[in-house]
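Given next are the chains, with one letter for each unit.
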Amino acid sequence: MGQCESHTLTDKDKNLIRDSFAVMKKDMKGYGIRFFMEFFEQYPSYQQLFPAFADVPLSEVKDNAKFKAHAITVMYGLSSVISALDDPEVQEAMITKIARQHITRKVVQDDYRKLAEVIGKVVATVFNEETTAAWFKGYECFDELARKAVA
Ligand code: HEM
């Protein structure tokens, strides 16, 4: 996310993000489900944004096809953004698309931050502090570009 102004990701940061994501990629579905289960546990009101499973009890949500579909989609979104770490224009285009796809769903900037914090917490349980810090730095760039997209 070289193009963001607030934080510059170093080559080392980018490699830490790439290497840790390569591990997650082996289980996209598992990580996606884990991130969103924790997200809904911490912020139950977000489940209401998804008409397809708004009223499904949390204990059953992880088996819901539309829940899994969004969780996996988010992982592929992350994968695309990470694969373009050295190509700021492509990355900006991807982040713009993600941000715009959510406007009509009433997803705002602060919601991505909450998800990023949940993802960061999970990352911290699997990877070291340096890797976790690189993810948070990466998120600050995502935030900056997503803000620009909806401004
Ligand atoms: C970087 C993180 C995310 C990515 C890559 C992502 C990706 C996507 C994509 C590709 C779609 C389908 C869009 C379409 O069909 O037009 C979608 C739908 C949606 N997203 Fe996300 N999303 C992310 C984060 C979030 C967050 C934080 C929320 C907040 C709760 C959220 C809530 C939704 C909702 C409510 C829908 C509509 C689902 C439906 O209509 O069934 N997303 N997302």
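These numbers were taken from a predicted model, which means no experiment stands behind them.

(A) Molecular detail of the site of the ligand. The environment of the ligand is made up of 17 residues, and the closest members are Tyr46, Leu49, Gly77, Arg105 and Leu115. For the shell around the ligand, the secondary structure elements donating two or more residues are α4 (65-83), α5 (88-103) and α6 (109-126). For the shell around the ligand, the leading source of residues is α4, giving 5 residues. Within the shell around the ligand, the residues separate by chemical class into 9 nonpolar, 5 polar and 3 charged.

(B) Region of interest: the nonpolar core. Ile17, Phe35, Phe36, Phe39, Ile95, Phe142 and Leu145 are the most contacted members of the largest nonpolar core, which has 32 residues in total. Those elements giving two or more residues to this core turn out to be α1 (11-24), α2 (28-42), α4, α5, α6 and α7 (129-150). The element best represented in this core is α7, accounting for 6 residues. Other than its neighbours up to four places away in sequence, Ile17 contacts Ile82, Leu85, Ala134, Trp135 and Gly138.

Reading the values: the criteria
- Residues numbered from 1 in each chain as written.
- Predicted model: local features only at pLDDT ≥ 70, side-chain atom pairs only at ≥ 80, totals over all residues.
- Near = placed C-beta within 6 Å.
- Helix = DSSP H or I, 4+ residues; strand = E, 2+ residues; numbered from the N terminus.
- Nonpolar A, V, L, I, M, F, W, Y, C, P; charged D, E, K, R; others polar.
- Core = buried A, V, L, I, M, F, W, Y, C linked by C-beta atoms within 7 Å.
- Buried ≥ 20, exposed ≤ 12 C-beta atoms within 10 Å, placed from the backbone.
- Contact = placed C-beta atoms within 7 Å.

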